[in-house]
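# Descriptive structure summary
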Number of protein chains: 2
Amino acid sequence: MKALIITIGDEILIGQTIDTNSAWIGNKLNEIGIEIDQILSVRDREDAIIEALEFAINKRFPLVILTGGLGPTKDDITKKVLCKFFDTSLEMNAEILLKIESYFKARGRDILDTNRQQAALPKNCVILPNNLGTASGMLFEKDNSMVVSMPGVPYEMKGIFEEQLIPHLKSNFDLPAIYHKTIMFEGIGESFLAEKIKDWEESLNAEAIKIAYLPSPGVVKVRLTAMGNKMESLQEKVNRKAKELSALMPKFIFGEDDIKLEETISEILNNSGKTISTAESCTGGYIAHLLTSVAGSSNYFKGSIVSYANEVKENQLGVSSSDLENFGAVSKEVVEQMATGVRSRLKTDYAISTSGVAGPTGGTEVKPVGFVWIAIASKHQVISKKFQFEKDRARNIRRTAMSALNMLRREVENELSLSKA
Amino acid sequence: MKALIITIGDEILIGQTIDTNSAWIGNKLNEIGIEIDQILSVRDREDAIIEALEFAINKRFPLVILTGGLGPTKDDITKKVLCKFFDTSLEMNAEILLKIESYFKARGRDILDTNRQQAALPKNCVILPNNLGTASGMLFEKDNSMVVSMPGVPYEMKGIFEEQLIPHLKSNFDLPAIYHKTIMFEGIGESFLAEKIKDWEESLNAEAIKIAYLPSPGVVKVRLTAMGNKMESLQEKVNRKAKELSALMPKFIFGEDDIKLEETISEILNNSGKTISTAESCTGGYIAHLLTSVAGSSNYFKGSIVSYANEVKENQLGVSSSDLENFGAVSKEVVEQMATGVRSRLKTDYAISTSGVAGPTGGTEVKPVGFVWIAIASKHQVISKKFQFEKDRARNIRRTAMSALNMLRREVENELSLSKA
């Protein structure tokens, strides 16, 4: 079954807001066997919205999802336009009005007339109540299309989608089975990987499995997809081919199904009962942020010393001042002392440290922008490695963090397998 | 002048990749007076791409920008489809082949035949060389439409866009003037703000200025837009109305034109010569990451102690163990000691500290998920404030960081204005 997403809002077309809703909705619909065929983003204008709705109905999409333009301010016109398109009018919904009033009461905020007006809703639609905000979702039917309008605020849209819309879709549509598996690679480029697994890739045709390569800084995802009637047979063939792939390239795979590297590390550390700390210079706390973005990370993450200034490297991590002077902050000597320093001071099993030239300035001929040292300290040893990344500050921070987490993963896995042996 | 963006790639429709390219392109085109009228995302399929191209030509868009589907792997079919649509064929481009070969040589990587094939390009297009990767941009003309195809990797697309495409557009189109100004608010909700500035908003009609409210966690942006022939008169009227707005709501405005809070703080600290450190518990290094994401932050940011474990709060920040026991880690007493502790140990003028329940677990009746203390320490005083945020871990981390940076901004501005008085 095919669906169309229509996002409404000048802020998307002007580039002031990145449309994250469509990806989220696409992902969720895929899980229940609905494929997004197109995403269309249009302006906050009556003619543009009407034209998009006509396109949707003419193309006979069984499901059309609209987001945006339902806020309380004057630039939000979606509700008015939906009334016109579906030939209906607004009426005050007493139940929703109560919800909105109690929403404001609970937050101790004064309610305005514009807020109350959000309870004025089209007569001929199904209301999808919003438990996280004041703009309700609305569900219309026309010419065998179901048209759903939801607010653009991601957090509110997600609430309505999961609580209200999903049950509606499951009971209204006869959905096919679809199965995806994503295998996560690090430390290998997209084309090199494709070349290495060429024959295996050819063999997917016979099984009607689709493959896609999705590169991002430091990581390549390989996604396998199959669609059909019986979920069990789809799972069987996709998982079998995924296993073949894992056997071909064991060293470069860190996980499956869009797991993040920090989540892989969470699993490894939780299972082994080991703890971690970081000493960060060029990553400026980003590795600590990634680690602590995982719920439950307080089980294994004790803390971090972000030592941007050299005096902090000396005073808080015990880095030798003469080494700082002789070798510079971006050096094997300093990064290794940072790792051992934070490990002993924060009393953890492992420690990560980074020191590099993030850019855009501060590069020299010997140590250009993108030049980075990373170290991992454990009870047994300190290992360190240098990298030459790119010109862009944000990418350098990201790639340093991914490489550091990868080094940690390999080191912990190595030590755990040695201790078992 | 109106343009259409077409993004190509199943990964966008399936929700595995968020389309950040379109927002970036929309923003850049707006700056030179080209308005994006629609964004259309379609699948990696010949029929879908052809249909999108036909739509673009039929609707007579003078400019059509395609991204995606130009990689070296088999799922990338855009180049082949473009040849079919524009009735041409591929030929090996010797110059581009040399570029690709030297790209691999410079990185010490083996070149594969699939990489060489990226130099096979359509005969009847203008090549837009890619200096950051191996997939060239291509520019076609048909029925008064200019159709540009670029790779989907954001970093490569941006390189081609800025270096190659912008000069082409400026010399080929007679572009109107467009002027935006964005005013950044914090600490006030969208509808409350709209109510407060209602009369002023009415007065925009007479000047043909468009307004949009763009809320995100902790921040509301108000964007003013005017279009016309003479840039000076657009700037004059928009800036005049923006000044009126600033005069109406001085307390809640932290900047203009999409400046980030961390960039506002960078300006304030750079101008005043003051330094900053952070002691982070629930934000886990995220504030340090935001501060260090700004180039040149080493001028004023010395470092951070991320004290996730209580023992790190005691040993590295000097928090009293009896206060930790009596009041708990999430308390006024502890957060204030964290701020003074990191300020004295890292020897900075200001310090930020955070301690809270990020969730999803760890909440109690007295201190539920989303309950957070934030403190700011300076030479003169320590101020602290408690907040009750939400249920979502990522949003709690984000909102804590934004509120902490706001508290810092106000404190530094207050102290600077007092010292001047």
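Not measured: the values here are computed from a predicted model.

## Considering the overall build of chain A
A tally of helices and strands in chain A yields 16 helices and 17 strands. For chain A, the C-alpha atoms occupy an extent of roughly 80 × 60 × 40 Å along the three principal directions. A total of 421 residues make up chain A; the buried ones form 48% of that total. A separation threshold of at least 6 residues defines the contact pool for chain A, and within that pool the share at least 24 residues apart is 67%.

## So, the pairing of strand S9 (residues 177–186) of chain B
All names here are of chain B. The buried fraction of S9 amounts to 8 of the 10 residues, a majority that puts the element mostly inside the structure. Inspection of the sheet shows S9 paired to strand S11 (residues 219–228) by 10 bridges, in the antiparallel sense. Within S11, the position partnered with Phe185 by the bridge is Val220. The pairing of S9 with strand S12 (residues 253–256) spans 3 bridges and is antiparallel. In the sheet register, Ile183 faces S12, and the bridge partner there is Glu256.

## Points about the relation of the copies chain B and chain A
At an RMSD of 0.1 Å, chain B and chain A line up after a rotation of 180° and a shift of 0.0 Å along the axis. In the structure described here, the two chain copies are related by an operation that fits a two-fold rotation axis. The overlap is high: 100% of the interface residues of chain B also sit at the interface in chain A, so the same surface is used on both sides.

## A few points about the interface of chain B and chain A
Chain B puts 72 residues into the contact, and the matching count from chain A is 72 residues. A class-by-class count of the residues in the side of chain B that touches chain A yields 33 nonpolar, 25 polar and 14 charged. Where strand S14 (residues 301–307) of chain A and strand S14 (residues 301–307) of chain B come together, 5 bridges link them in antiparallel fashion. Looking at the pairing, Gly303(A) lines up with Ser307(B) of S14(B).

## Some remarks on unusual backbone geometry
Residue Pro360(A) is bonded to the preceding Gly359(A) through a cis peptide linkage, with omega at 0°. Structurally, the position occupied by Pro360(A) is in the loop between strand S15 (350–356) and strand S16 (371–377). Positioned with a positive phi, Asn144(B) is a non-glycine residue whose angle comes to about 65°. By the element assignment, Asn144(B) lies in the loop between strand S7 (137–142) and strand S8 (145–150). A residue is classified by how many C-beta atoms lie within 10 Å of it, and Asn144(B), with 9 of them, is exposed. At Ala208(B), a position not held by glycine, the phi torsion is positive, near 55°. On the secondary structure map, Ala208(B) appears in the loop between helix H9 (198–202) and strand S10 (210–216).

## Digging into the sheet that holds strand S10 (residues 210–216) of chain A
All names here are of chain A. Reading across the sheet, the 4 strands line up as S10-S11-S9-S12 and stay open at both edges, with antiparallel pairing between neighbours. Only two strands of the sheet have a single neighbouring strand rather than two, namely S10 and strand S12 (253–256). Direction aside, the axes of adjacent strands within the sheet are offset by 20° on average. Alignment of S10 against strand S11 (residues 219–228), held across 7 bridges, turns out to be antiparallel.

## Observations regarding the nonpolar core
The biggest cluster of nonpolar side chains holds 125 residues, and the ones touching the most others in it are Ile287(A), Met338(A), Ala339(A), Ile287(B), Met338(B) and Ala339(B). Once residues within four sequence positions are removed from consideration, Ile287(A) is found in contact with Thr278(A), Glu280(A), Ile352(A), Thr354(A), Ala401(A), Ala404(A) and Leu405(A). Listed in part, the 88 residues of the second largest apolar core include Ile14(A), Ala52(A), Val81(B) and Ala119(B).

## Examining the domain arrangement of chain A
As assigned here, chain A comprises domain 1 (2–172), domain 2 (177–256) and domain 3 (261–420). Placing the centre of domain 1 of chain A and that of domain 2 of chain A at their C-alpha centroids yields a distance of 35 Å.

## Structural notes on the environment of Thr88(A)
Residues and elements named next belong to chain A. Take Thr88: it is sitting in the loop between helix H4 (78–85) and strand S4 (90–92). When the C-alpha positions of Thr88 and Gly318 are compared, they lie 72 Å apart, and in sequence the two are 230 residues distant. Once residues lying within four places of it in the same chain are set aside, the contact partners of Thr88 are Cys83, Pro122, Lys123 and Asn124.

## Quick notes on the sheet that holds S7(B)
Strand order across the open sheet formed by 12 strands is S6(A)-S7(A)-S8(A)-S3(A)-S1(A)-S2(A)-S2(B)-S1(B)-S3(B)-S8(B)-S7(B)-S6(B), with mixed pairing between neighbours. Of all strands in the sheet, those with a lone pairing partner are strand S6 (126–128) of chain A together with strand S6 (126–128) of chain B, marking the two edges. Neighbour-to-neighbour, the strand axes of this sheet turn through a mean angle of 20°, independent of strand direction. Relative to S8(B), strand S3 (residues 63–67) of chain B is paired through 5 bridges, and the arrangement is parallel. Paired with Leu63(B) across the strands is Met146(B), a residue of S8(B). Against the sheet, helix H7 (residues 154–172) of chain A contacts strand S3 (63–67), S6, strand S7 (137–142) and strand S8 (145–150) of chain A, and its axis sits at roughly 165° relative to S8(A).

## A short note on the confidence of the model for chain A
The pLDDT averaged across chain A works out to 93; a share of 100% of its residues lies at or above 70. Across the whole predicted complex the pTM is 0.77, and at the interface the ipTM reaches 0.77.

## Looking at the pairing of strand S16 (residues 371–377) of chain B
Residues and elements named next belong to chain B. By the criterion of burial, S16 is predominantly enclosed, with 7 of the 7 residues buried. Burial along S16 is two-sided: Phe371, Trp373, Ala375 and Ala377 facing one way and Val372, Ile374 and Ile376 facing the other are all buried. Taken together, the 6 bridges between strand S15 (residues 350–356) and S16 define a ladder with antiparallel strand orientation. What sits directly across from Thr354, in S16, is Ile374. Bridging between S16 and strand S17 (residues 382–388) involves 7 bridges; their strand directions are antiparallel.

What counts, and at which threshold
Residues numbered from 1 in each chain as written. Chains lettered and ligands numbered in written order. Predicted model: local features only at pLDDT ≥ 70, side-chain atom pairs only at ≥ 80, totals over all residues. Helix = DSSP H or I, 4+ residues; strand = E, 2+ residues; numbered from the N terminus. Buried ≥ 20, exposed ≤ 12 C-beta atoms within 10 Å, placed from the backbone. Contact = placed C-beta atoms within 7 Å. Pairing = 2+ DSSP bridges. Least-squares fit on C-alpha atoms with pLDDT ≥ 70 in both. Nonpolar A, V, L, I, M, F, W, Y, C, P; charged D, E, K, R; others polar. Axes fitted to C-alpha atoms, helices over the stretch in contact; angles between N-to-C directions. Core = buried A, V, L, I, M, F, W, Y, C linked by C-beta atoms within 7 Å. Domains from an automatic or database assignment. pLDDT = per-residue confidence, 0-100.

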